[in-house]
Amino acid sequence: MTDIFSTLAFYLQRSFVVNALIVGVLIALCSSLLGVTLVLKRYSFIGDGLSHVAFGAMAIAAVVGLTNNMPLVLAITVVCAILLLRIGKNAKIKGDAAIAMISVGSLAIGYLLMNLFSTSSNLSGDVCSTLFGSTSILTLSSFDVWMCVILSVIVVLFFVLFYNKIFSVTFDENFARATGQRASLYNLLIAIVIAVIIVVSMQLVGSLLISALVIFPALSAMRVFKSFKSVTICAAIVSVICALTGLLTSILAGTPVGSTIVAVDIVAFIIFSVIGKIKGGSKA
Amino acid sequence: MPQLICKDLSLGYGSQEIQHGLSFEVNSGDYLCIVGENGSGKTTLMKTVLGLQKPLSGTIEFSEGLSSRDIGYLPQQTDVQRDFPASVQEIVISGCLGRKGFSPFYNKDDKALAQRSMERMNILDLKKRCYRELSGGQQQRVLLARALCATQKILLLDEPVAGLDPKVTADMYELIDSLNKDDGVTIIMISHDVDKALRYASHILHIGNECFFGTKEEYRDFKDGAVKGEDDND
Ligand SMILES: Nc1ncnc2c1ncn2[C@@H]1O[C@H](COP(=O)(O)OP(=O)(O)OP(=O)(O)O)[C@@H](O)[C@H]1O
Ligand SMILES: [Mg+2]
């Protein structure tokens, strides 16, 4: 036991480990906050879809020969996020199908473009890295960390200030619109924030982890808690704890970071499901 | 003085027209019932009046001093809400948001208003309960309390009694009636129950192949005429 702790203490002195912990926790926090809204709006897969869009955008940037692809990738992803959230219930193609279409479509186009024009010799490596993270979370630069900190502060602030409005447009968009709330504006803001979170964190941890971080904490919290506030708070706490546990485990056991965090999230989900069953059962 | 004037409205989606030539007005304190068959365009009319979709042609005018911020709306239930984790309190108070513009948090007045609306709807004891665990009738009253938080002037209700048992339906009608008579709230309501509509409403708008708008007395004559007409055909 002391062995583990001394190893841990050893690692915690390394700045790359501390950086990874900070970034992991912040991304987990941000994505879980918006995750509740996304899951409730039936947009669970938007994280996955948008990160594939970002991949397609990167391919375009590479083909055009941009050195700094961030602005282009962000712009395209934001536009797609807005389009997806706009589609709503009235469209002929439902939200989940639209996400699947855009997701698979941009992955295919992106791969095609890279295949046709790319000079990179490691194509499958490039594709794989979009799924599992292009930069390993253990090799973050201090620029990455700062960007992540600033972004997270903005996201949390946005969420706190717009919390009531997010609830309202998520629960009943028509009512919000009909009674003079600026639902389109709030949807737009939500879409932009989501796109930003996804683009930034995708480069750090990969799209697999992002989807998991969006979906699992929200679903776990919804097993047990019954008001929007308690679900949101619980999702945030669960997400942060799982991210920390996953990160530390992966450092100690040498397992891949993203997959380990997802595994911990799955365990948490199972635990919450059981608690929910017991609570629900005793009441009935 | 009319609160709402609709002139020569035609309703529809895209190029497909569902109704045309609808004209009616609603005065302060009126109780208008909209009746008509399934699919005749009642919900579409209400959504158009609410500004959720554009009319294909025609105009909708609210009187001076009445804006979308003075409207309360009870939607036909959507499936998203069915498994939504939200407490009754959270839902009711969200009715206040339209008035608040960008200010981020609820204040004392909002909380007091939510409290009063819940009291009025007799759901104070459900305050902390989870919305998705309530019965259909309780859910309708929660949504009505939310609508009351949005306005005291004009309520638009889309089939508020759908799926409720006769007793709860009767209670709901009484509740709506008292909002209209005692609190002076203008009611525009969609209903399938013509008898109830004739009992409570002051005006009827019938939409279908043949459209009609007038007071309920006029509607009785219109219906009798229609029945006679059918008899003559036989
Ligand atoms: N989003 C939509 N896009 C295209 N057509 C629609 C849409 N929603 C409804 N319709 C059509 O418009 C017509 C009127 O629908 P509406 O919902 O207004 O009927 P309703 O009178 O409210 O019926 P009910 O009594 O069943 O509620 C129907 O024929 C319906 O198929
Ligand atoms: Mg309808």
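Residues numbered from 1 in each chain as written. Chains lettered and ligands numbered in written order. Predicted model: local features only at pLDDT ≥ 70, side-chain atom pairs only at ≥ 80, totals over all residues. Heavy atoms only, no water.

S.K.: Explanation requested: the coordination of the magnesium ion (ligand 2) in the structure shown.
M.R.: In a perfect tetrahedron of four donors around a metal, the angles come out at 109.5 degrees. In a perfect octahedron of six, they are 90 or 180 degrees. Residues and elements named next belong to chain B. Surrounding the magnesium ion (ligand 2) are the protein donor atoms T43 (OG1) and Q76 (OE1), at 1.9 to 2.7 Å. Of the two residues, T43 is situated in helix 1 (residues 42–49) and Q76 in the loop between strand 5 (71–74) and helix 2 (88–93); the sequence distance between them amounts to 33 residues. The class for T43 is partly exposed, based on a relative accessible area of 22%. Given a relative accessible area of 34%, Q76 falls into the partly exposed group. (Donors = N, O, S within 2.8 Å, 3.2 Å for Na, K, Ca; no water. Helix = DSSP H or I, 4+ residues; strand = E, 2+ residues; numbered from the N terminus. Buried < 20%, exposed > 50% of the residue type's maximum accessible area, 1.4 Å probe, protein only.)

S.K.: Whenever I open this one, the interface of chain B and chain A confuses me. Can you help?
M.R.: Reports often express the size of an interface as the amount of accessible area lost when the parts come together. Contacts between chain B and chain A engage 37 residues on the former and 30 residues on the latter. Carbon and sulfur atoms supply 62% of the area that chain B and chain A bury against each other, a total of about 2,900 Å² over both sides. Together, F84, P85 and F102 of chain B form the three largest contributors to the area buried by chain B at its contact with chain A, with a combined 21%. Applying the counting rule to chain B against chain A returns 2 salt bridges. Residues R146 of chain B and D172 of chain A are paired through a salt bridge, measuring 2.8 Å at the closest nitrogen-oxygen approach. Put simply, the parts of the chain that give the side of chain B that touches chain A at least two residues each are strand 5, helix 2, helix 3 (97–100) and helix 5 (136–150) of chain B. It is helix 5 of chain B that provides the largest number of residues to the side of chain B that touches chain A, a total of 4 residues. (Contact = heavy atoms within 4.5 Å. Buried area = accessible area lost by both parts, 1.4 Å probe. Salt bridge = Lys/Arg side-chain N within 4 Å of Asp/Glu carboxyl O.)

S.K.: Got a minute to help me understand the site of ligand 1 in this structure?
M.R.: Residues and elements named next belong to chain B. In the vicinity of ligand 1 lie 13 residues, with N38, G39, K42, T43 and T44 positioned nearest. Contact between ligand 1 and Q76: an oxygen atom at 3.1 Å from a side-chain N or O atom of the residue. Burial of ligand 1 by the surrounding chains reaches 64%, relative to a free accessible area of 640 Å². In terms of residues, the shell around ligand 1 owes the most to one element, helix 1, which gives 3 residues. (Near = heavy atom within 4 Å. Polar contact = N/O pair within 3.5 Å; in protein donor to acceptor, adjacent residues only side chain to side chain. Areas by Shrake-Rupley, 256 points an atom, 1.4 Å probe, with all protein chains shown as cover.)

S.K.: Is there a simple way to think about the sheet that holds strand 6 (residues 154–158) of chain B in this case?
M.R.: Sheets are built from strands that pair by backbone hydrogen bonding, the pairs being arranged parallel or antiparallel. Residue and element names in this part refer to chain B. Ordered by their spatial adjacency, 6 strands build an open sheet running 5-6-7-3-8-9, and the pairing between neighbours is mixed. At either end of the open sheet lies a strand with only one pairing partner, and these are strand 5 and strand 9 (212–215). Strand-to-strand twist of the sheet, defined as the mean angle between neighbouring strand axes without regard to direction, takes the value 15 degrees. Where strand 5 and strand 6 come together, 4 bridges link them in parallel fashion. (Pairing = 2+ DSSP bridges. Axes fitted to C-alpha atoms, helices over the stretch in contact; angles between N-to-C directions.)

S.K.: Looking at this structure, how should I read unusual backbone geometry?
M.R.: Most peptide bonds are trans, and most residues other than glycine sit at a negative phi. With a phi angle near 50 degrees, D8 of chain B is a residue other than glycine that sits in the positive phi range. As for its placement among the helices and strands, D8 of chain B is situated in strand 1 (residues 2–13).

S.K.: Help me out: how do you make sense of the packing of helix 4 (residues 108–120) of chain B against helix 5 of chain B in this one?
M.R.: When two helices pack together, you describe them by how their axes are tilted relative to each other and by the distance separating the axes. All names here are of chain B. In contact at an axis separation of 9 Å, helix 4 and helix 5 are set at 135 degrees when each is read in the N-to-C sense. Here helix 4 is positioned oblique relative to helix 5, judged by the angle of their axes. The hand of the helix 4/helix 5 crossing is right-handed. Contacts between helix 4 and helix 5 pair L113, A114, S117, M118 and R120 from the former with A145, L148 and C149 from the latter. Per-class residue counts for the contact of helix 4 with helix 5 are 6 nonpolar, 1 polar and 1 charged. (Parallel < 35°, antiparallel > 145°, perpendicular 65-115°, else oblique. Left-handed = near helix turned anticlockwise from the far one by under 90°. Nonpolar A, V, L, I, M, F, W, Y, C, P; charged D, E, K, R; others polar.)

S.K.: Where do I start with a nonpolar patch on the surface in this structure?
M.R.: Residues and elements named next belong to chain A. Together, I60, V63, V64, L66, L112, L116 and F117 give the surface a local cluster of nonpolar side chains, amounting to about 660 Å² of exposed area. Broken down by secondary-structure element, the contributors of at least two residues to the nonpolar patch are helix 3 (46–64) and helix 5 (95–117). Along the polypeptide, V63 turns up in helix 3. (Patch = residues over 30% accessible without salt bridge, like charges linked within 9 Å, V, L, I, M, F, W, Y side chains within 5 Å.)

S.K.: Looking at this structure, how should I read the confidence of the model for chain B?
M.R.: Predicted coordinates in regions of low pLDDT should not be interpreted in detail. Per-residue confidence for chain B averages 86 on the pLDDT scale, and 93% of its residues sit at or above 70. Scored by ipTM, the complex comes to 0.85, with pTM at 0.85. (pLDDT = per-residue confidence, 0-100.)

S.K.: I tried to follow the packing of aromatic side chains on my own but got confused; where do I start?
M.R.: Note on aromatic pairs: each is described by the distance of the centres and the angle between the planes. With the rule as written, the count across this model stands at 14 aromatic pairs over all chains. Each ring, one from F162 of chain A and one from Y186 of chain A, has its centre 5.9 Å from the other, and the planes form 65 degrees; the classification is edge-to-face. A residue pair is termed long-range when its members are at least 10 positions apart, and F162 of chain A in the loop between helix 7 (142–161) and helix 8 (163–171) and Y186 of chain A in helix 10 (residues 183–205) qualify at 24 residues. Centre to centre, the rings of F24 of chain B and F213 of chain B are 5.9 Å apart; their planes meet at 50 degrees, and the pair counts as tilted. Highlighted residues: F24 of chain B in strand 2 (residues 16–27) and F213 of chain B in strand 9, separated in sequence by 189 residues. Among the residues examined, F24 of chain B registers a relative accessible area of 4% and is labelled buried. Residue classification places F213 of chain B among the partly exposed positions, given a relative accessible area of 28%. Each member of the aromatic cluster is reached from another via a ring pair, and the members are F159, Y163, F167, F171 and F228 of chain A together with F84 and Y131 of chain B. (Phe/Tyr/Trp six-rings, centres within 6.5 Å; stacked < 30°, edge-to-face > 60°.)

S.K.: Any chance you could explain helix 6 (residues 166–181) of chain B here in plain terms?
M.R.: For an α-helix the count is 3.6 residues per turn, leaving residues at separations of three or four pointing the same way. Residues and elements named next belong to chain B. The first and last C-alpha atoms of helix 6 sit 22 Å apart over 16 residues, in line with the 22 Å expected at 1.5 Å per residue. Packing partners of the buried residues in helix 6 comprise strand 3 (31–35), helix 4, helix 5, strand 6, strand 7 (186–190) and helix 7 (194–200). With a side-chain oxygen lying 2.9 Å from the backbone nitrogen of K167, the N-terminal cap of helix 6 falls on D165. (Expected span 1.5 Å × (residues − 1).)

S.K.: Just checking my understanding: could you explain the state of the cysteines for this structure?
M.R.: Here, the word disulfide means a covalent bond between the sulfur atoms of two cysteines. All names here are of chain B. All chains considered together, the criterion is met by 0 disulfides over all chains. Not engaged in a disulfide, the cysteine C6 finds its nearest cysteine sulfur in C211; these two sulfurs lie 13 Å apart. No disulfide involves C33; its sulfur sits 16 Å from that of C211, the nearest cysteine. C33 sits in the buried class, given a relative accessible area of 1%. (Disulfide = S-S within 2.5 Å.)

S.K.: Help me out: how do you make sense of the pattern of salt bridges in this one?
M.R.: For side chains of opposite charge, pairing can occur when their charged atoms come near one another. This structure, assessed with the given rule, holds 10 salt bridges over all chains. Notably, a salt bridge pairs K226 of chain A with E133 of chain B, separated by 2.7 Å at the nearest N-O pair. Of this pair, K226 of chain A sits in the loop between helix 11 (207–224) and helix 12 (228–253) while E133 of chain B is found in the loop between helix 4 and helix 5, placing the two residues in two different chains. For E133 of chain B, a relative accessible area of 34% corresponds to the partly exposed category. R120 of chain B is the salt-bridge partner of D183 of chain B, the closest N and O atoms lying 2.9 Å from each other. A residue pair is termed long-range when its members are at least 10 positions apart, and D183 of chain B in the loop between helix 6 and strand 7 and R120 of chain B in helix 4 qualify at 63 residues. The class of R120 of chain B is partly exposed, set by a relative accessible area of 26%. Put simply, K41, E173 and R177 of chain A are held in one network by salt bridges that share partners.

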